[in-house]
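Chain residues, written in single-letter form:
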Amino acid sequence: MMLSLALAGCASRPKLDPNADWNSRVGSYTFDQAVTELGKPDAISESNEGRTADWILKRGSQVSFGFGLGQGIYGTHSAAGVGVGTSISPPPHGEYLRLTFNKEGKLTSWSKVKQ
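A brief look at the structure comes next. (Residues numbered from 1 in each chain as written. Predicted model: local features only at pLDDT ≥ 70, side-chain atom pairs only at ≥ 80, totals over all residues. Heavy atoms only, no water.)

1. Description of the overall build of the chain
Right, so step 1: Helix and strand counts for the chain come out as 3 helices and 6 strands.
Right, so step 2: Across the chain, helices and strands are ordered from the amino to the carboxyl terminus as α-α-α-β-β-β-β-β-β.
Right, so step 3: Taken across its 115 residues, the chain has 23% of its residues classed as buried.
Right, so step 4: For the chain, contacts bridging at least 24 residues in sequence account for 49% of all contacts bridging at least 6.
Right, so step 5: Roughly 8,600 Å² of accessible area belongs to the chain as shown, and the carbon and sulfur atoms make up 56% of that amount. (Helix = DSSP H or I, 4+ residues; strand = E, 2+ residues; numbered from the N terminus. Buried < 20%, exposed > 50% of the residue type's maximum accessible area, 1.4 Å probe, protein only. Contact = heavy atoms within 4.5 Å. Areas by Shrake-Rupley, 256 points an atom, 1.4 Å probe, with all protein chains shown as cover.)

2. Re the pattern of salt bridges
Right, so step 1: In total, this model carries 2 salt bridges according to the counting rule given.
Right, so step 2: We note a salt bridge from Arg25 to Glu37, for which the minimum N-O separation is 3.0 Å. One end of the pair, Arg25, is in helix H2 (residues 22–25); the other, Glu37, is in helix H3 (residues 31–38), and 12 residues separate them in sequence.
Right, so step 3: Residue class for Arg25 comes out buried when judged on its relative accessible area of 19%.
Right, so step 4: You can call Glu37 partly exposed: its relative accessible area is 29%.
Right, so step 5: Here Arg98 makes a salt bridge to Asp54, at a shortest N to O gap of 2.7 Å. Taken together, the residues Arg98 in strand E5 (residues 94–102) and Asp54 in strand E2 (residues 50–59) connect sequence positions 44 residues apart.
Right, so step 6: Of the residues examined, Arg98 reaches a relative accessible area of 25% and is grouped as partly exposed. (Salt bridge = Lys/Arg side-chain N within 4 Å of Asp/Glu carboxyl O.)

3. With respect to the pairing of strand E6 (residues 107–114)
Right, so step 1: Where E5 and E6 come together, 7 bridges link them in antiparallel fashion. Bridge pairing in E6 links Tyr96 to Val113.
Right, so step 2: The antiparallel hairpin formed by E5 and E6 contains 4 residues in its connecting segment, where Gly105 sits at a positive phi of about 85 degrees. (Pairing = 2+ DSSP bridges.)

4. Looking at H3
Right, so step 1: Those residues of H3 not exposed but buried are Phe31, Ala34 and Leu38. Within H3, the buried residues cover an arc of 55 degrees as seen down the axis, which keeps them to one side. Across from the buried face of H3, at angles greater than 90 degrees, the exposed residues are Asp32 and Thr36.
Right, so step 2: With its phi angle positive at about 90 degrees, Gly39 sits one or two positions after the end of H3. (Arc of directions from axis to C-beta.)

Set out below in structure tokens:
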């Protein structure tokens, strides 16, 4: 069920055209057009000069494993237990499309960033 929820979440994000010519969009493409085409950015930073927005293209994988041992004693009773768990968390690494817009909302630069 968790996998289907994860896939459903991925399916709602518009796919980035791998052949998009971002250089031709500099100076005319707007932030609003980017949101319409790509969906809400995954991260935005703003400054006096405008804003920079990142869209995740590919998430890096990150899996962690845990193992636990425990024992409890209460009066003359005792118990022991063993546990194993796994966790998949949102990774800080991946590939992003970074678009930078000026104060007027026009695209000034773009890059693909791998972290």
